[in-house]
Every structure is written in structure tokens, then in C-alpha cells.
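# Architecture at a glance
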Amino acid sequence: MSMLRGGLIQMSLKGSTEQSPDEIRQAMIDAHLPYIEEAGRQGVQVLCFQEVFTQPYFCPSQDAKWYAAAEEIPNGPTTQLMCELAKKHKMVIVVPIYEQEITGVYYNAAAVIDADGTYLGKYRKTHIPQVAGFWEKFFFKPGVSDWPVFDTQYCKLGVYICYDRHFPEGWRALALNGAEYIVNPSATVAGLSEHLWKLEQPASAVANGCYIGAINRVGREMPWNIGEFYGQSYFVNPRGVIEKEASRDQDELIVHDMDMSMVREVRNTWQFFRDRRPSTYTRLTDGN
């Protein structure tokens, strides 16, 4: 398939952080459903939501209340609902949620559902920050994966979550495993990261000869108010050109057609994979 129609949904928090996680989950799902339906009407083939899309970005707190936001993958209610919607719309859906493996073991994860509603697997966020305003180690265990690439009906799809994007090794591992399109659901606020937002993913797309879909939420979330989630979700091509971008502050579905023949063209032109010298990179994995 030469053309791949992607969709990205960015959204502000619905409801209040004083509500229960179950109430917030329902409000967020209700708000997403019209956009999912619109994506189906527009023929989107691969759709992705923002990081932990059913909840606020609760990591500015260290409140155990939010453990109740975690649910099982694939047997939890959100993944099961998205399996139904993926089948209905013949659409691959990437579902970033707070995952419970067992009580007390929680991950920042994303379920991947194929266009026939089949659950294909999940990716668990690998790199977990622990700095002021981002106390993620309180909530998430680091994922350990072999960098799964999902052979969907429409493309070979990789997932990398938020803070992961600062680590080039994972992008490369996904590309080497065959990813042609990588989504990066995020929750990132204005400040230092905004300057990097349009540098890192384009650079990674160039280095690995792939398309990337970068998704960020919008608005401010009280009571924490760590800053403005600045939206600007976008698609970037293997040459590092941002082809389509969402607004800074609006709930939005952006839809874009990606020319997947560019993946082969760029990789054949630059030959970065051929010219790698992994035997010389042992310093990267010596544990220091």
C-alpha cells in the first residue's frame, strides 16, 4: 500500500480531577467517541490517541487515588470497547492507557488493535522520568520489551510513548524491527520541551527513514497546573518535514495521507542501516 491515512486525536481534560477515575474515564471516552466516528467517516486507517488518554496527566501528584485509573489490557473495558470500534470502522487503533498487570504493578502502556478488531499486543513505556512535576516512577513500572512492531492490515506499526522520544535507541530498534510508521502519544507542557517538540521526532524520522505521528494533549489541568499542554500534534515524513499539524489549544482530529513509498525511497537513498557499525557501539550497552 502506497498511501496510508492516519488520524491523531488531541484533547483537553473533561470533568474535574476531583471526580473518581471511573467518572473521568467515562467523560473522556464520551468526548472521544464523536472524533472516532469522524475518523471512521473519513476513512482513517490508523488512529492514535494521546498518552493515558482516559485520564488527566496525574503524575504531578503522588496520590494513590490514581492507581484506581489502571485497567487490564486487553480484558479491561477501554481496550474491549476499542476492539469493537476498530472492527466497526475497519481501522487500526492505538489505545494509550494506564495498565494494571496485577494489583500494585502498573504500566504506562498502549494496546494495538488491528482493523478487524483483533488485539495484537501492547507496548509499555520504557523510560520513566522522575523530576519535579513528573513523578512517574510513583505510578509506572518501566516496561521491558523487545521493541514490538505490529504487522497491521495497513502498515508495520511501532509505538514509543512520550518521554521515550528523548532516547534515540528505541526509535532505531523499532525501525530495525521493521516499523514504517511510529506513533508517539505524549503529555508535554510548554517550557523546555516545546523547543524540542519539533526537533526530536523529525530528527528521528530522518535517522530511521520512517513516518512519525506525534500526539500531545491540550489545555491546563488543575489543581496541579504544571503548565500548558500545547497540542500541536503532527505527522512528519522520513525527510523530516512536518506535513500536517494540529492547533495549539483545541480538541482536534487531524487526518493525513502518508506516502509510504517514501520510506523505501529514503532508506535506499541514505543507507543509514547499511552503514551502521553496531560492533563499535558497545559503550552504549555496558551499563554505565
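Just so it is clear, the model here is predicted, and its values are computed rather than measured. (Residues numbered from 1 in each chain as written. Predicted model: local features only at pLDDT ≥ 70, side-chain atom pairs only at ≥ 80, totals over all residues. Heavy atoms only, no water.)

## Some words on the overall build of the protein
Per the secondary structure count, the protein includes five helices and 16 strands. Its C-alpha atoms give the protein a radius of gyration of 18 Å, near enough to 19 Å, the size a compact globule of 288 residues would have. For the protein, the C-alpha atoms occupy an extent of roughly 55 × 50 × 35 Å along the three principal directions. Distance between charge centroids for the protein: 5 Å, based on 28 positive and 35 negative side chains. (Helix = DSSP H or I, 4+ residues; strand = E, 2+ residues; numbered from the N terminus. Rg over C-alpha atoms; globule rule 2.2 N^0.38 Å. Lys, Arg positive; Asp, Glu negative; His and termini not counted. Charge placed at Lys NZ, Arg CZ, Asp CG, Glu CD.)

## Structural notes on the UniProt feature "domain: CN hydrolase" (unreviewed entry) in the protein
The sites that carry the UniProt feature "domain: CN hydrolase" (unreviewed entry) are, in the present numbering, residues 4-260. Between the C-alpha atoms that bound residues 4-260 there is a distance of 7 Å. The span itself is 23% helix and 29% strand. (UniProt positions renumbered as here; feature names shortened; annotations may be inferred.)

## Thoughts on the pattern of salt bridges
By the definition in use, this model includes 19 salt bridges. Close ionic contact of Arg41 with Glu38 constitutes a salt bridge, the shortest N to O distance being 2.8 Å. Of this pair, Arg41 and Glu38 both sit in helix 1 (residues 21-41), separated by three residues, roughly a single helical turn. Judged by relative accessible area, which is 61%, Arg41 ranks as exposed. A salt bridge links Asp286 to Arg283; the nearest nitrogen and oxygen atoms lie 3.0 Å apart. Residue classification places Asp286 among the partly exposed positions, given a relative accessible area of 38%. A single salt-bridge network, built from bridges that share partners, covers Glu99, Glu101, Lys122 and Arg124. (Salt bridge = Lys/Arg side-chain N within 4 Å of Asp/Glu carboxyl O. Buried < 20%, exposed > 50% of the residue type's maximum accessible area, 1.4 Å probe, protein only.)

## Brief notes about the environment of Thr118
Structurally, the position occupied by Thr118 is in the loop between strand 4 (105-113) and strand 5 (119-124). Look at Thr118 and you get partly exposed, because its relative accessible area is 37%. The sequence separation of Thr118 and Gln55 amounts to 63 residues, and the corresponding C-alpha distance is 24 Å. Setting aside residues no more than four positions away along its own chain, Thr118 makes contact with Val112 and Ile113. Here the side chain of Thr118 touches Asp116 through a polar contact of 2.8 Å, side chain to side chain. (Contact = heavy atoms within 4.5 Å. Polar contact = N/O pair within 3.5 Å; in protein donor to acceptor, adjacent residues only side chain to side chain.)

## Thoughts on the sheet that holds strand 9 (residues 156-159)
Read across the open sheet, the six strands follow the order 8-9-10-11-14-15; overall the sheet is mixed. Each edge of the sheet is formed by a strand with only one pairing partner; in this case those strands are strand 8 (150-151) and strand 15 (242-245). One ladder, built from three bridges, connects strand 9 with strand 10 (residues 181-185); its direction is parallel. Looking at strand 10, one finds that Val159 is bridged to Val183. Strands in contact with helix 3 (residues 168-176) are strand 9, strand 10 and strand 11 (211-215); relative to strand 10, the strand with the most contacts, it is inclined by about 145°. Against the sheet, helix 4 (residues 192-208) touches strand 10, strand 11, strand 14 (234-236) and strand 15, its axis set at about 35° to strand 14. (Pairing = 2+ DSSP bridges. Axes fitted to C-alpha atoms, helices over the stretch in contact; angles between N-to-C directions.)

## A closer look at the side chain of Gln55
Turning to its location among the elements, Gln55 is positioned in the loop between strand 2 (46-48) and helix 2 (77-89). Separated by 3.1 Å, the side chain of Gln55 and the backbone oxygen of Pro21 make a polar contact. If near-sequence neighbours (up to four positions away) are discounted, Gln55 is found in contact with Leu13, Pro21, Ile24, Arg25, Met28, Trp66, Ala69 and Arg217.

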